[in-house]
Amino acid sequence: MWFAVLSSNEVRRKPVGVRRLGRDLVFWRDSLGKVYALEDFCVHRRARLSAGKVINDRIQCPFHGFEYDGNGRVRLIPALGKNYKVPDRFRVNSYPVYEKNNIIWLWSGEGEPEKEPKFFDDIDEDFAYAEFRELWNVPFPRAVENQLDVMHLPFVHRTTIGRGNRTLVHGPVVKWIDEDSFIFYVFNEVDRGQRVKRPEELSGEESRVYLEFIFPNLWQNHISEGTRVVAFFVPVDRQKTMIYLRFYVKMTGLKPVDSIIARLSMPLNRIILHQDRRVVETQERDIRKDVLVQGDLPIMEFRKRLYKEKKLIDFLFGGGQ
Ligand SMILES: [Fe+2]
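The text that follows walks through the structure, step by step, so that each part is easy to find. For clarity, every value in this text was computed on a predicted model and none was experimentally measured.

## With respect to the packing of aromatic side chains
Logical step 1: Taken as a whole and judged by the stated rule, the model has 19 aromatic pairs.
Logical step 2: On the basis of an interplanar angle of 45° and a centroid distance of 5.8 Å, the ring pair of Y185 and Y210 is categorised as tilted. In this pair, Y185 sits in strand β15 (residues 181-185) while Y210 sits in strand β17 (residues 210-214), placing the two residues 25 residues apart along the sequence.
Logical step 3: On the basis of relative accessibility, which here comes to 4%, the residue Y185 falls in the buried class.
Logical step 4: Both rings, one in F213 and one in F302, keep their centres 5.5 Å apart while their planes meet at 90°; by these two values the pair is edge-to-face. Of the two residues, F213 is situated in strand β17 and F302 in helix α5 (residues 297-306); the sequence distance between them amounts to 89 residues. Of the two residues, F213 and F302, neither departs from the other in class, the shared state being buried.
Logical step 5: For R270, the ring lying beneath its charged end belongs to F132, and the centroid distance is 4.2 Å.

This is the structure we're talking about:
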C-alpha cells in the first residue's frame, strides 16, 4: 500500500531523517532528483545516516564514511579500501518511493508496488497551492476520521464552516469509486422536526459540497471547481500523526495570483483545523469502543477498508511500541 508520507519540498539535497509508520527513515535525492528512502541507521555501528551527506549519488554515513546506494547496499567501506568487495550482509532496509503532485509516497506492507499511487485526477498542474503541516497527538485513524465526519460541523466549527446550526444530517451518501477511494456528500439541515433521510433515499442526489477519500490517507474537500482543500495524514508512530494541509486554487488563470490567494486563505484553514484539533486530541485513542450512528457512514466505510490491512492494523493496535 502506498502511503503519502512527505511533501516534496521537505527532501532537498541534504538527507532528511523522519519518523514514519513507527520507523526511522532517511530520505535523500540523487543527482537526477530521484528520491530514496532507507532505514536511518548505519548497519555498522548504528549512526544516523540522515546526519551524513550525499556523495556520488550515494548516502555517506558521517561516522566512518560507509557509502550506501539507493537499494540500501553498502558499496564502499573506506577503511577496507575501494578494492574491497563489500559482502551482502552490509545493507539496510530500503523502501520503494514514488513522487508526483509534490507528494512523496512510501510503499508499506505486503508485496511490491504494482501501480503508482493515486492522487485526485481533477487537480491538475494548473492549480496553485499553499501548504502547512503540523503534528497532532492523535493516532492515525482519529486524524482521518475527523475529516470524514459530517456531523461535527455545527459544533466544532460553529463560528466558521459550521455556521447556520445545520445539525440534522441526512444520509450521508458514500459512493465507492474503486477499491481504494470513495466520495461522500454532505446533506445537513436545520432541525425543524423533519425525518432524517436514509442514504438510499438520497442516492442520485448530489450536494454542492462533496468530499473524496483515497485510502489509506489522502482527502479532498471539493469546495468548488477552482478551490479545494487537500489533506494527508501520516502516521509518525502509533500515537502521533503528521497532518499536511493544502489549499489548491485555480481561479484567475494566473498561477502566481492563484498562489497568493491560496496563501491568503491559509490562516482561516489553520483556524478551522485547530478547531478540530482541540476536540480530536481529547478523544480516547482506541477507536474500537466507539458506538457509531447513521451519520458516521463515511467513517464506517473507512474502517471496513482499514481492517483489511492486517499489517497496518497490527501496527495501530498490536502489542509493543
Ligand atoms: Fe472539522
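## Some words on unusual backbone geometry
Trans is the prevailing form of peptide bonds, just as negative phi is the prevailing case for residues other than glycine.
Logical step 1: With an omega of -5°, the peptide bond running from G171 to P172 counts as cis.
Logical step 2: Note that P172 resides in the loop between β13 (168-170) and β14 (174-178).
Logical step 3: Omega for the peptide link from F215 to P216 comes to 5°, which places this bond in the cis form.
Logical step 4: Position of P216 relative to the elements: it lies in the loop between β17 and β18 (218-224).
Logical step 5: Of note, R46 is a non-glycine position whose phi angle comes to about 65°, a positive value.
Logical step 6: Mapped onto the fold, R46 is located in the loop between β4 (35-39) and β5 (53-55).
Logical step 7: Although it is not a glycine, N165 adopts a positive phi angle of roughly 55°.
Logical step 8: Inspection of the secondary structure assignment puts N165 in the loop between α2 (153-156) and β13.
Logical step 9: Judged by relative accessible area, which is 49%, N165 ranks as partly exposed.

Parameters at a glance
Residues numbered from 1 in each chain as written. Predicted model: local features only at pLDDT ≥ 70, side-chain atom pairs only at ≥ 80, totals over all residues. Heavy atoms only, no water. Phe/Tyr/Trp six-rings, centres within 6.5 Å; stacked < 30°, edge-to-face > 60°. Helix = DSSP H or I, 4+ residues; strand = E, 2+ residues; numbered from the N terminus. Buried < 20%, exposed > 50% of the residue type's maximum accessible area, 1.4 Å probe, protein only. Lys NZ or Arg CZ within 6 Å of the ring centre and 35° of its normal.

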